[in-house]
Amino acid sequence: MKVTIKYFGLVAEAAGKNEEVFNFEGTLTSGELKNKCLDQLSILDRDSVQVAVNQNLDDTIEIKEGDEVALLPPFAGG
Amino acid sequence: MNRYDRQIQLDEVGPMGQDKLRNAKVLIVGVGGLGCPAALYLVGAGVGKIGLMDHDKVDLTNLHRQVLFQESDVGKPKARAAKEHLSARNSNVVFEVIKEALTVSNALSIFKNYDIILDGTDNFETKYLINDACVLSNKPWIYASIYKNEGQLSVFNYKNGPSYRCLFPKTTRQNISCEATGVLGVLPGILGTLQAAEALKLILERGEVLSGTLKLFNIMLGTEQTINIKKRPEEIEAIQQNGILPIKIECALKNEQQWYLDVREIFEQPKPKGNNVIHIPLGDILSRYREIPEDIEVLVFCQSGKRSKNAVDLLKREFGFNNLKNVEGGIESIIEVEK
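Residues numbered from 1 in each chain as written. Chains lettered and ligands numbered in written order. Predicted model: local features only at pLDDT ≥ 70, side-chain atom pairs only at ≥ 80, totals over all residues. Heavy atoms only, no water.

1. What to know about the overall build of chain A
Secondary structure assignment for chain A yields 2 helices and 5 strands. Counting from the amino terminus, chain A carries its helices and strands in the arrangement β-α-β-α-β-β-β. Relative to the globule expectation of 12 Å for 78 residues, the C-alpha radius of gyration of chain A, 12 Å, shows essentially globular dimensions. C-alpha extents for chain A along the principal axes are approximately 40 × 20 × 20 Å. In chain A, which comprises 78 residues, the proportion classed as buried is 50%. Within chain A, counting contacts between residues at least 6 apart in sequence, those at least 24 apart form 49% of the total. Carbon and sulfur atoms provide 43% of the accessible area of chain A, an area that totals close to 3,600 Å². Positive and negative side-chain charges in chain A, numbering 7 and 14 respectively, have mean positions lying 3 Å apart. (Helix = DSSP H or I, 4+ residues; strand = E, 2+ residues; numbered from the N terminus. Rg over C-alpha atoms; globule rule 2.2 N^0.38 Å. Buried < 20%, exposed > 50% of the residue type's maximum accessible area, 1.4 Å probe, protein only. Contact = heavy atoms within 4.5 Å. Areas by Shrake-Rupley, 256 points an atom, 1.4 Å probe, with all protein chains shown as cover. Lys, Arg positive; Asp, Glu negative; His and termini not counted. Charge placed at Lys NZ, Arg CZ, Asp CG, Glu CD.)

2. Thoughts on the side chain of B:Asp119
Residues and elements named next belong to chain B. Examined against the element boundaries, Asp119 turns out to sit in strand 4 (residues 116-119). Residue classification places Asp119 among the buried positions, given a relative accessible area of 0%. Within the structure, Asp119 has its side chain in polar contact with the side chain of Thr121 (distance 2.6 Å). With sequence-adjacent residues up to four places away left out, Asp119 is seen in contact with Val29, Leu34, Lys127, Ile130, Trp141, Ile142, Tyr143, Ala144 and Gln195. (Polar contact = N/O pair within 3.5 Å; in protein donor to acceptor, adjacent residues only side chain to side chain.)

3. Topic: the pattern of salt bridges
Residues and elements named next belong to chain B. A full pass over the atoms with the stated rule returns 20 salt bridges over all chains. Residues Arg22 and Asp19 are paired through a salt bridge, measuring 3.0 Å at the closest nitrogen-oxygen approach. Of this pair, Arg22 and Asp19 both sit in helix 2 (residues 14-23), 3 residues apart, which is roughly one turn of that helix. Among the salt bridges present, the one from Glu84 reaches Lys76, with a minimum N-O distance of 3.9 Å. (Salt bridge = Lys/Arg side-chain N within 4 Å of Asp/Glu carboxyl O.)

4. Some details on the state of the cysteines
Residues and elements named next belong to chain B. Scanning all chains against the criterion turns up 0 disulfides over all chains. Cys134 provides the cysteine sulfur closest to Cys166, a residue in no disulfide bond, and the two sulfurs are 13 Å apart. For Cys166, a relative accessible area of 1% translates into the label buried. (Disulfide = S-S within 2.5 Å.)

5. A short note on the interface of chain A and chain B
Where interface size is quoted, it is often the accessible area lost as the parts come together. At the interface, 25 residues of chain A touch 39 residues of chain B. Contact between chain A and chain B buries roughly 2,500 Å² in total, counting both sides, with carbon and sulfur atoms accounting for 57%. Between the two partners, chain A and chain B, sit 1 salt bridge. The shortest N-O distance in the salt bridge between B:Lys148 and A:Glu13 comes to 2.5 Å. Run the count over chain A and chain B and you get 13 residue pairs in polar contact (both at pLDDT 80 or more). Elements supplying a minimum of two residues to the side of chain A that touches chain B: helix 1 (9-15), strand 3 (50-53), strand 4 (56-57) and strand 5 (68-72) of chain A. Residue composition of the side of chain A that touches chain B, grouped by class: 11 nonpolar, 8 polar and 6 charged. (Buried area = accessible area lost by both parts, 1.4 Å probe. Nonpolar A, V, L, I, M, F, W, Y, C, P; charged D, E, K, R; others polar.)

6. Section: the nonpolar core
Residue and element names in this part refer to chain B. Counting 44 residues, the largest nonpolar core has Leu42, Ile50, Leu52 and Phe69 as its most contacted members. For this core, the secondary-structure elements that each account for two or more residues are strand 1 (25-29), helix 3 (35-45), strand 2 (49-53), helix 4 (78-89), strand 4, strand 5 (141-147), strand 6 (150-156) and helix 9 (186-204). It is helix 9 that contributes the most residues to this core, 7 residues altogether. If we skip the residues at most four places from it in the chain, Ile50 touches Val26, Ile28, Leu42, Val43, Val93, Val94, Phe95, Glu96 and Tyr114. Within the second largest apolar cluster, 39 residues are counted, among which are Leu102, Tyr128, Leu129 and Ile229. (Core = buried A, V, L, I, M, F, W, Y, C linked by side-chain atoms within 4.5 Å.)

7. Some words on the environment of A:Pro73
With respect to the element layout, A:Pro73 can be found in the segment after strand 5. Residue classification places A:Pro73 among the buried positions, given a relative accessible area of 5%. In this structure the C-alpha to C-alpha distance between A:Pro73 and A:Glu32, which are 41 residues apart in sequence, comes to 16 Å. If we ignore the near neighbours within four places in the chain, the residues touching A:Pro73 are A:Phe8, A:Gly9, A:Leu10, A:Val11, A:Val49, B:Gln152 and B:Phe168.

8. As for the environment of B:Leu202
Structurally, the position occupied by B:Leu202 is in helix 9. For B:Leu202, a relative accessible area of 10% corresponds to the buried category.

9. So, the domain arrangement of chain B
We note that the domain assignment places domain 1 (5-242) and domain 2 (250-334) within chain B. One C-alpha centre belongs to domain 1 of chain B, the other to domain 2 of chain B, and the line joining them spans 33 Å. (Domains from an automatic or database assignment.)

10. A word on the pairing of strand 10 (residues 259-262) of chain B
Residues and elements named next belong to chain B. As paired strands, strand 10 and strand 13 (residues 298-301) are joined by 4 bridges and run parallel to one another. When the bridges of strand 13 are listed, Asp262 appears paired with Phe301. Sheet analysis places strand 10 next to strand 12 (residues 277-279), joined by 3 bridges and oriented parallel. Its bridge partner being in strand 12, Leu261 is matched across the sheet by Ile278. (Pairing = 2+ DSSP bridges.)

Given below as structure tokens:
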């Protein structure tokens, strides 16, 4: 299954890119996909990173072909 | 001629809207990169009362982005310096200068006197504090945060809408400031101006308020993204039942027997616990080097390892310290990971 993943903040920095197409087999929820991505990027602080699927925050929805997934870490600069 | 003529001409403002602006009270928490441009436009628009809250003083490195301040302001309290420049711009506006940090004990009594809270802060502890105090006092707040070339913008707690805890129920220990990462002055300039636009929409009761919506900007890519935020009622109920839920971003260091020197600014997080940590911000190191032991190994750290390397080099060159070792991986590499 092919999905587009958009990275923000520290996650984009760890990935070295802002966006990529991700391929995987089987079924995953958005939360599982998030953890898979963060594992690959060696990001330990998983819980604070939010996941949005097609512009809606949701970590339980099942991912479908062509979904756009965004990984949003909090940041606080001002 | 009415000084507000050019905005009164708009259907969204008109004479009635101008009255609403004159009767409005906005508190700006943090008069920095975000708060300065927001204040300039709100004062220009004729908002009746503006609170300027900041415990910090103007530093030379603030000037590239904190557009209210001039070279002659360096060393002055930000809230007071801001008031001087803003009163010169519009003498009809009433200002309250608050040279204190926002705390659990003063938040509710200060918020009580305002309709809208505009967040110009730079750390998670204060953002959660603003959120909880706004939920308890039933006031909307206008949120913005920046990280390098990215910005986030939203309006929370507006007419029963989602709160900051609905977006980020769990926080992170990674509080990274503009001091540590760098930022172009225009980014907080844009976000602070957009915060002022949201404040005007709230006051005028016109347009689409960014409630339930997170806007994400990347100025280097020129992109903008919108994310819909769902309300998490349990997060809001927890505040209503328990009051402000302070976030303490503390951490334990791996080795309790080891001496450490933390050269970050006082507001940077996480804050290490324990009596084995000496805290001297890099800017003060030349005047306070006597506080550092010379006869025992001291590990020097900051957020990323860059400032602490400068500190180690400087202390060796200037005063001959040979017992200092830089923590190359920054604070995250020496923290005891909680189970």
